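The chain contents come next:
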Amino acid sequence: MTRPLLPLALALLAPLPALAQDRPVLTVYTYSSFVPDWGPGPRVKAGFEAVCGCTLELVGLDDGVGILNRLRLEGERTPADVALGMTTDLIPELKATGLFAPSGADLSGLAVPGGFEDDIFVPFDYSWLAFVYDSEAVEDPATSLAALIAGDPDEKIVIQDARTSTPGLGLLLWMKALYGEEAGGKWAELSPRILTVTPGWSEAYGLFTNGEAPIVLSYTTSPAYHMIEEGTDRYRAMEFSEGHYTQVEIAGRLAGSDQPELARQFLQYMLSQEVQALLPVTNWTLPAVELEEPLPEAFSRLAQPKAALSIDPEEIAANRAAWTREWLQAIGR
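Residues numbered from 1 in each chain as written. Predicted model: local features only at pLDDT ≥ 70, side-chain atom pairs only at ≥ 80, totals over all residues. Heavy atoms only, no water.

## Comments concerning the overall build of the protein chain
So, step 1. Regarding its fold elements, the protein chain presents 12 helices and 12 strands.
So, step 2. Taken over C-alpha atoms, the radius of gyration comes to 22 Å for the protein chain, in line with the 20 Å a tight globule of 333 residues would show.
So, step 3. If you line up the protein chain on its principal axes, its C-alpha atoms span 90 × 45 × 35 Å.
So, step 4. Taking all 333 residues of the protein chain together, the buried fraction comes to 52%.
So, step 5. The long-range fraction of contacts in the protein chain, counting pairs at least 24 apart against all pairs at least 6 apart in sequence, stands at 78%.
So, step 6. Surface exposure of the protein chain reaches about 15000 Å², of which carbon and sulfur atoms provide 52%.
So, step 7. The distance from the centre of the 22 positive side-chain charges to the centre of the 46 negative ones in the protein chain is 3 Å. (Helix = DSSP H or I, 4+ residues; strand = E, 2+ residues; numbered from the N terminus. Rg over C-alpha atoms; globule rule 2.2 N^0.38 Å. Buried < 20%, exposed > 50% of the residue type's maximum accessible area, 1.4 Å probe, protein only. Contact = heavy atoms within 4.5 Å. Areas by Shrake-Rupley, 256 points an atom, 1.4 Å probe, with all protein chains shown as cover. Lys, Arg positive; Asp, Glu negative; His and termini not counted. Charge placed at Lys NZ, Arg CZ, Asp CG, Glu CD.)

## Considering the pattern of salt bridges
So, step 1. Within this structure, the stated rule accounts for 14 salt bridges.
So, step 2. Glu 93 is the salt-bridge partner of Arg 72, the closest N and O atoms lying 3.1 Å from each other. Here the residue Arg 72 occupies a position in helix H3 (residues 64-74), and Glu 93 occupies one in helix H4 (residues 91-96), the gap between them amounting to 21 residues.
So, step 3. Residue class for Arg 72 comes out partly exposed when judged on its relative accessible area of 43%.
So, step 4. Residues Arg 163 and Asp 161 are paired through a salt bridge, measuring 2.8 Å at the closest nitrogen-oxygen approach.
So, step 5. For Asp 161, a relative accessible area of 10% translates into the label buried.
So, step 6. Each of Arg 72, Glu 93 and Arg 320 takes part in a single network of salt bridges with overlapping partners. (Salt bridge = Lys/Arg side-chain N within 4 Å of Asp/Glu carboxyl O.)

## So, the environment of Ser 191
So, step 1. One can find Ser 191 in the loop between helix H7 (183-190) and strand S7 (194-198).
So, step 2. Sequence separation between Ser 191 and Trp 327 is 136 residues; the distance between their C-alpha atoms is 10.0 Å.

## Side note on the nonpolar core
So, step 1. Core analysis: the largest hydrophobic core is formed by 107 residues, its most contacted members being Phe 100, Phe 131, Trp 187 and Phe 266.
So, step 2. Take this core: its biggest share by element is 9 residues, from strand S5 (residues 122-134).
So, step 3. With residues near it in sequence (within four places) discarded, Trp 187 still touches Ile 159, Leu 171, Leu 172, Met 175, Ile 194, Trp 327, Ala 330 and Ile 331. (Core = buried A, V, L, I, M, F, W, Y, C linked by side-chain atoms within 4.5 Å.)

## Looking at the pairing of strand S1 (residues 25-31)
So, step 1. Counting buried residues in S1 gives 6 out of 7 residues, a clear majority hidden from the surface.
So, step 2. Where S1 lies against strand S2 (residues 55-61), 7 bridges are found, and the strand directions are parallel. Bridging from a neighbouring strand, Tyr 31 pairs with Leu 61 of S2.
So, step 3. In this fold, the crossover linking S1 to S2 by way of helix H2 (residues 41-52) has right-handed handedness.
So, step 4. Across 2 bridges, S1 lies against strand S3 (residues 82-87) in parallel orientation. By the bridge assignment for S3, Val 28 is matched with Val 82. (Pairing = 2+ DSSP bridges. Right-handed = clockwise from strand over helix to strand, strands pointing away.)

## Let's talk about the confidence of the model for the protein chain
So, step 1. Summarising the model, the protein chain shows a mean pLDDT of 93, and 93% of its residues fall at 70 or more.
So, step 2. When the criterion is pLDDT under 50, residues 1-17 qualifies, and its contacts beyond four places in sequence or with other chains add up to 0 contacts. (pLDDT = per-residue confidence, 0-100.)

## Details of the packing of H2 against helix H10 (residues 260-269)
Helix-helix packing: each pair is described by the crossing angle between the helix axes and the interaxial distance.
So, step 1. With their axes 11 Å apart at the nearest point, H2 and H10 run at an angle of 125° to one another. Classified by the interaxial angle, the pair formed by H2 and H10 is oblique. Considering the relative orientation of H2 and H10, their crossing is right-handed. When H2 is examined against H10, the residues Arg 43, Val 44, Gly 47, Phe 48 and Cys 52 are found in contact with a partner set consisting of Leu 262, Gln 265, Phe 266 and Tyr 269. (Axes fitted to C-alpha atoms, helices over the stretch in contact; angles between N-to-C directions. Parallel < 35°, antiparallel > 145°, perpendicular 65-115°, else oblique. Left-handed = near helix turned anticlockwise from the far one by under 90°.)

Structure representation (structure tokens):
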């Protein structure tokens, strides 16, 4: 008659579930649009917490360059265990902080433009920069960056700050890749069209969707959001004959983290099929690994760059300060 009592006895001997306050906390710095309900953050948090026995704390900062700026200010005192949302353009500067440790992640399944080899950072998605326009307000969308620059100054554009935002920095690099020493003059020519320069992508896109300007700097993949979530192709990406600047987003773990194994697990989790399938329909980017299931049909209707532009990250690190000063002087803001 003892057998029926065995399950009860085992249950009494089993360790009690850890209380929430007893769980280790993994703190992740990221950009602000990753965190809201409509972004990937809440589902990434729920999915990782289901397997890690930890609490994932997402801290939303202005934008990707802002994460680097914040880490430089905090140094080794930073409470962050992981930083997520910078781009490959910033890798030399991120490494120069001395704050990052080898990821320990398996990158063998990566499928990002141009390939990727690095033991510190983990690419988790990518897209190409594009000017997205409201087709009900823009009758003749530009087919080249040159045409956009020379366009009607009354048809306004919202861009992001190159000092804080990765798309803002990406546009600075896009101009430099195409115009080199003449980039300052091209910025001055574009300046009358710029309605405002926002700290990050979220503010700029909000102004665009609120009708404050008919054109915004965003990504070739941004129209997929409107097609899938709103059922409209009203918002489209201009396709430029010169090509589009490539932006690969990365994450890395901090060397001073007191949760190094959780940080490594999180970086690997970002490359899982679960997260990679989530990013295209929440972060509105393309996956960094091949997906087992095809992307939604709307992605087949997105602009496909004729050329993928980039600048060597070492050249960017050596010149970013000077190029940023040139940009500030040219746009007069």
